[in-house]
Amino acid sequence: MEDFFTLRTVKWKKGAVLMIDQTRLPERISYIKCRTSGEVVKAIKDMVVRGAPAIGVAAAMGLALVAYRSKVKRKEGLLKELESASVKLGNTRPTAVNLMWALSKTLEAARESSGDVEAVKESVIQTAVRMADEDVAANLRIGEYGASLISDGDTILTHCNAGALATVGYGTALAPIRTAVKQGKRISVLADETRPRLQGAKLTAFELSNDKIPVKVITDGMAGYVMAKGLVQKVIVGADRVVRDGVFNKIGTYSLAIAARYHRIPFYVAAPISTFDPLNSSSTVKIEERNSREVTHISNIRICPRNVDVINPAFDLTPLSLVDAIITDKGLLNYPDQDNVVRLARADTA
Ligand code: MRU
């Protein structure tokens, strides 16, 4: 198959949205084709497409499908259809802010389009297609900035999948690794398996091994052990939302950050500005609680007793004080705190 340096996870193709079906990886590489925004809603809910930037672009393309298929003759009618679809797309997953960011950017483009209904349709489609290209461009910049933190010979621990599959292409946490490899640095990766959905074992290991970047999978509970043994030089993770006081990312990230600080290992978060939510602090963010079956079962086999309760929060919050730098597409944010997070995000919208 194509390498993940160039492959695109989500793309617009002749009035349809093509996505790699991530629920079938690594056993099977297949694509699904969505022709309606309802199909995109289902793909996001079922995690056919997942990862904060990828679901943002998929949602924008969901609105592009509404525009493409709409039969209305007046601009107001189209705006109503787009707004109604946007509510459904926005309700799919609550934590990743890229979803809301992408929907509001696309709706804004529709509202601001001054032409007739056909012009609005074109503007929505072009906004979604451009957003996909901009995501890859932002990740390449994250790669450049982040690679400056990586030394030849480093072993980097990562969590979940913040690679090409979690974005339109190239990845966020895996971008500095890819760029460092392109620069000729010898890098190896430890991928946390990431219970319960195993994005590390299934997706990160798949991407990196496909691209011949040395990777070993560890279970989540081994992270402290490998740090204590001196087997890790840096930790790089992605983010679903950077708020004024912390970073929301896949459940387990917080424990990693604590362990990294204890062992004096730099802990970096890689995230584009579209993942920043400077107006909110952590108390206002909803952490997605997923089906308990993800915990009680592995590959459809029950591993817990029948009548036992479980909890299944999909994300946790890492306070900014545990983060050494946020690697963004606008540069490195060293020692992030409330002030510089807000400043950086505001500078982007100014
Ligand atoms: O539940 P998922 O698989 O969508 O969670 C993904 C993550 O937590 C990623 O680390 C995050 O979205 C960053 S992706 C570039």
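Provided above is the structure to which this section pertains.
Residues numbered from 1 in each chain as written. Predicted model: local features only at pLDDT ≥ 70, side-chain atom pairs only at ≥ 80, totals over all residues. Heavy atoms only, no water.

## Section: the nonpolar core
Here comes step 1: Met19, Ile44, Val49 and Leu82 are the most contacted members of the largest nonpolar core, which totals 44 residues.
Here comes step 2: Among the secondary structure elements, those contributing two or more residues to this core are β1 (10-13), β2 (16-20), α1 (37-45), α2 (52-69), α3 (75-90), α4 (97-112) and α5 (117-147).
Here comes step 3: The dominant element in this core, judged by the number of residues it contributes, is α2, at 13 residues.
Here comes step 4: Those residues within four positions of Leu82 in sequence are excluded, and the remaining contacts are Leu63, Val66, Ala67, Leu107, Ala110 and Val124.
Here comes step 5: Listed in part, the 30 residues of the second largest apolar core include Met227, Ala271, Leu320 and Val341. (Core = buried A, V, L, I, M, F, W, Y, C linked by side-chain atoms within 4.5 Å. Buried < 20%, exposed > 50% of the residue type's maximum accessible area, 1.4 Å probe, protein only. Helix = DSSP H or I, 4+ residues; strand = E, 2+ residues; numbered from the N terminus. Contact = heavy atoms within 4.5 Å.)

## Observations regarding the pattern of salt bridges
Here comes step 1: One pass over the structure, following the stated rule, counts 16 salt bridges.
Here comes step 2: Among the salt bridges present, the one from Arg111 reaches Glu83, with a minimum N-O distance of 3.2 Å. With Arg111 in helix α4 and Glu83 in helix α3, this pair connects stretches of sequence that are 28 residues apart.
Here comes step 3: With a relative accessible area of 32%, Glu83 lands in the partly exposed category.
Here comes step 4: Asp152 is the salt-bridge partner of Arg186, the closest N and O atoms lying 2.4 Å from each other. Here the residue Arg186 occupies a position in the loop between α6 (174-182) and β5 (188-192), and Asp152 occupies one in the loop between α5 and β4 (155-158), the gap between them amounting to 34 residues.
Here comes step 5: Judged by its relative accessible area of 41%, Asp152 falls in the partly exposed class.
Here comes step 6: Sharing partners across several salt bridges, the network here consists of Arg93, Arg197, Glu288, Arg290 and Glu294. (Salt bridge = Lys/Arg side-chain N within 4 Å of Asp/Glu carboxyl O.)

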